[in-house]
Amino acid sequence: MNIEFEYIMILPVLLGAMLASALLVWWERRLLGWWQDRLGPNRLGPFGVLQVVADIVKLFTKHDWVPPFSDRVIFTLAPTAVVAGMLMGFAVVPYGPGLYIIDLNIGLLFFLAMTSLAVYGVLLSGLASNNKYSLLGGLRSAAQMVSYEVFMGLSLMGVVMLTGSFNMSQIVEAQRDIWNCIPQFVGLVIFLMAGLAEMHRLPFDLPEAEHELTAGFHTEYSGMKFGLIMLGEYLSLILTCAMTVTLFFGGWLGPDFLPPLVWFSLKTALLINFFILLRAAIPRPRYDQLMSMGWKILLPLTLLNLMVTGALALWMET
Amino acid sequence: MEIVLFYIAGSVSLIATTLVVTRTNASHALVYLIISLLSIAVIFFMLGAPFAAALEVVIYAGAIMVLFLFVVMMLNLGPGSVAQEIAWMHPRMWIGPAALTLTLFFELVYLITTQTAVTSGVPVSPKAIGISLFGPYLLAVELASILLLAALIGSFHLGRRYMRSRREETE
């Protein structure tokens, strides 16, 4: 892999991620409408696709208000931390054989590092807003994301054990015979739940639960800063799905009649739809339920999964 | 090229660390500390220790600093604490730390001028770290985990007593 090619890859990945998250705003509303037996945005353009353009124009032209009581510098910088962290995470995703920005030998750890940095966007925006709803939302998200990060990382270690590497391309290659979702089913379920808590979408959107916290950490945000926070959330949805596909569903592997990139995109899109369905189907748990489920059920289960996987891996080797 | 990157990351970490000490607003100081840790991770990466770099970001910047920030948010420090901090930042306060730091600095300069480079820049793979951690350094790993377990049990015990007294109050 020469350096020039890596630079060329950056632009399509950036554009693709941005475009996909913009389209997702419309797609999510449309799907939710369909599942909840209503229409959703269907007026502007074919099937309402141009609603995206209208939304973006609205975000750009809205009054971008910075509250006078806030910590101006941090308030302005916090939304960029969300988006920057998520976009960095896309660098290690293998989109096809040889199609990646960087092939790090610590690819998986890099992804975990970048998602853990994205927490700061939420935390700092809650702190800098100087508003009690924002502060409570920020506190909640800090506790939630730090707790779920613990076994998000641990749940992936089973995959690492089976592959013997943190390298994303090697993890995909190791799934030629059998996708990791079968031997690592427990890991997959835990990773999906942890991912859901990390991207704090419904049903785990307690940092911004509107019935109790107005809008949580982004109560004070308006205009394009709010847009950036939303963009970060959609990016994290796409990134988590892309990672799940890479780690558990064979990445770009698939029968030969479609090119690898198409397989990868199809699987990711399917998984994104699954997450949207979860949003429509499952009610939000109470905050203490979420935390105690994390520490008392998911963490021991992850450790057990890790132990069994390790024992089996050793047994198979001898 | 690499030496330029090294000096950029190094100076970023130096400036950020200085700012951590001199900031009066606790949350600003924490943000600079995060930046300092990230630049140190970049230095680790360039020295050929990508695993250490990743752990620096995941654990220090991603988890421990989040908890620090969490505490700062819980304390809800206002302008009062900034004023207090300014009062503490009296020039006389700097004499002791400056003397100690200078001692270390001279020692460092002496070591750099007399010794040959200790960092040969050999890349260390994650596997090699795992093998050395669970081989020659197994005892240290076990001791560290016992310490963490003790801390865990201790905080659980304290928290349970607090919850019990709260429950009795409400009853």
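How each quantity is defined
Residues numbered from 1 in each chain as written. Chains lettered and ligands numbered in written order. Predicted model: local features only at pLDDT ≥ 70, side-chain atom pairs only at ≥ 80, totals over all residues. Helix = DSSP H or I, 4+ residues; strand = E, 2+ residues; numbered from the N terminus. Rg over C-alpha atoms; globule rule 2.2 N^0.38 Å. Buried ≥ 20, exposed ≤ 12 C-beta atoms within 10 Å, placed from the backbone. Contact = placed C-beta atoms within 7 Å. pLDDT = per-residue confidence, 0-100. Expected span 1.5 Å × (residues − 1). Axes fitted to C-alpha atoms, helices over the stretch in contact; angles between N-to-C directions. Parallel < 35°, antiparallel > 145°, perpendicular 65-115°, else oblique. Left-handed = near helix turned anticlockwise from the far one by under 90°. Nonpolar A, V, L, I, M, F, W, Y, C, P; charged D, E, K, R; others polar.

1. Quick word on the overall build of chain B
And then number 1: For chain B, the count of helices and strands is 7 helices and 0 strands.
And then number 2: Secondary structure elements of chain B, listed N to C terminal, follow the sequence α-α-α-α-α-α-α.
And then number 3: Over its C-alpha trace chain B gives a radius of gyration of 21 Å, far above what one expects of a compact globule, namely 16 Å for 171 residues.
And then number 4: Judged by the C-alpha coordinates and their principal axes, chain B covers about 70 × 50 × 30 Å.
And then number 5: Each of the 171 residues in chain B was classed as buried or not, and the buried ones make up 16%.
And then number 6: Excluding contacts between residues fewer than 6 apart, the proportion of contacts in chain B whose partners are at least 24 apart in sequence is 58%.

2. Comments concerning the overall build of chain A
And then number 1: The helix and strand tally for chain A stands at 11 helices and 0 strands.
And then number 2: Scanning chain A from its N terminus toward the C terminus, one meets helices and strands in the order α-α-α-α-α-α-α-α-α-α-α.
And then number 3: Relative to the 2.2 N^0.38 estimate, which gives 20 Å for 318 residues, the radius of gyration of chain A is 20 Å and therefore close to what a compact globule would have.
And then number 4: Taking the principal axes of the C-alpha coordinates as reference, chain A spans close to 65 × 45 × 45 Å.
And then number 5: Considering only residue pairs separated by 6 or more positions, chain A has 78% of its internal contacts joining residues 24 or more positions apart.

3. A short note on the environment of A:T76
Residues and elements named next belong to chain A.
And then number 1: For T76, the position within the fold is in helix 3 (residues 72-89).
And then number 2: Overall, the presence of 15 C-beta atoms within 10 Å leaves T76 in the partly exposed class.
And then number 3: With 59 residues separating them in the primary sequence, T76 and A17 have C-alpha atoms 23 Å apart.

4. Quick word on the confidence of the model for chain B
And then number 1: Looking at chain B as a whole, the pLDDT averages 82, with 94% of positions reaching at least 70.
And then number 2: Interface confidence for the predicted complex, expressed as ipTM, amounts to 0.78; the pTM equals 0.85.

5. Focus on helix 5 (residues 95-114) of chain B
And then number 1: In this model helix 5 of chain B runs 29 Å from its N-terminal to its C-terminal C-alpha over 20 residues, within 8% of the 28 Å that 1.5 Å per residue would give.
And then number 2: Where burial is concerned, little of helix 5 of chain B is hidden: 0 out of the 20 residues are buried.

6. So, the packing of helix 9 (residues 223-248) of chain A against helix 10 (residues 260-281) of chain A
How two helices pack is summed up by the angle between their axes together with the distance between the axes.
All names here are of chain A.
And then number 1: Direction vectors running N to C along helix 9 and helix 10 enclose 120°, while the axes themselves pass 9 Å from each other. Classified by the angle their axes make, helix 9 and helix 10 are oblique. For the element pair helix 9 and helix 10, the recorded crossing hand is right-handed. In this structure, helix 9 uses L237, I238, C241, A242, T244 and V245 to contact helix 10, whose residues at the interface are F264, K267, T268, L271, I272 and F275.
And then number 2: Taken together, the residues of the contact of helix 9 with helix 10 break down into 9 nonpolar, 2 polar and 1 charged.

7. Comments concerning the interface of chain B and chain A
By a frequent convention, interface size equals the accessible area lost on bringing the separate parts together.
And then number 1: Facing the 19 residues of chain B at the interface are 21 residues of chain A.
And then number 2: Those elements that place two or more of their residues in the side of chain B that touches chain A are helix 2 (26-46) and helix 3 (50-75) of chain B.
And then number 3: The element that contributes the greatest number of residues to the side of chain B that touches chain A is helix 3 of chain B, accounting for 14 residues.
And then number 4: Per-class residue counts for the side of chain B that touches chain A are 16 nonpolar, 3 polar and no charged.

8. Observations concerning the environment of A:T268
All names here are of chain A.
And then number 1: Topologically, T268 is positioned in helix 10.
And then number 2: Classification of T268 by C-beta neighbours within 10 Å gives buried; the count is 24.
And then number 3: With 205 residues separating them in the primary sequence, T268 and H63 have C-alpha atoms 35 Å apart.
And then number 4: Excluding residues within four positions of it along the chain, T268 makes contact with C241, A242 and V245.

9. Some details on the packing of helix 5 (residues 132-163) of chain A against helix 11 (residues 287-317) of chain A
Residues and elements named next belong to chain A.
And then number 1: One way to put it is that helix 5 packs onto helix 11 with a least axis distance of 9 Å and a crossing angle of 15°. It follows from the interaxial angle that helix 5 and helix 11 lie roughly parallel. Judged by the twist between their axes, the crossing of helix 5 over helix 11 is left-handed.

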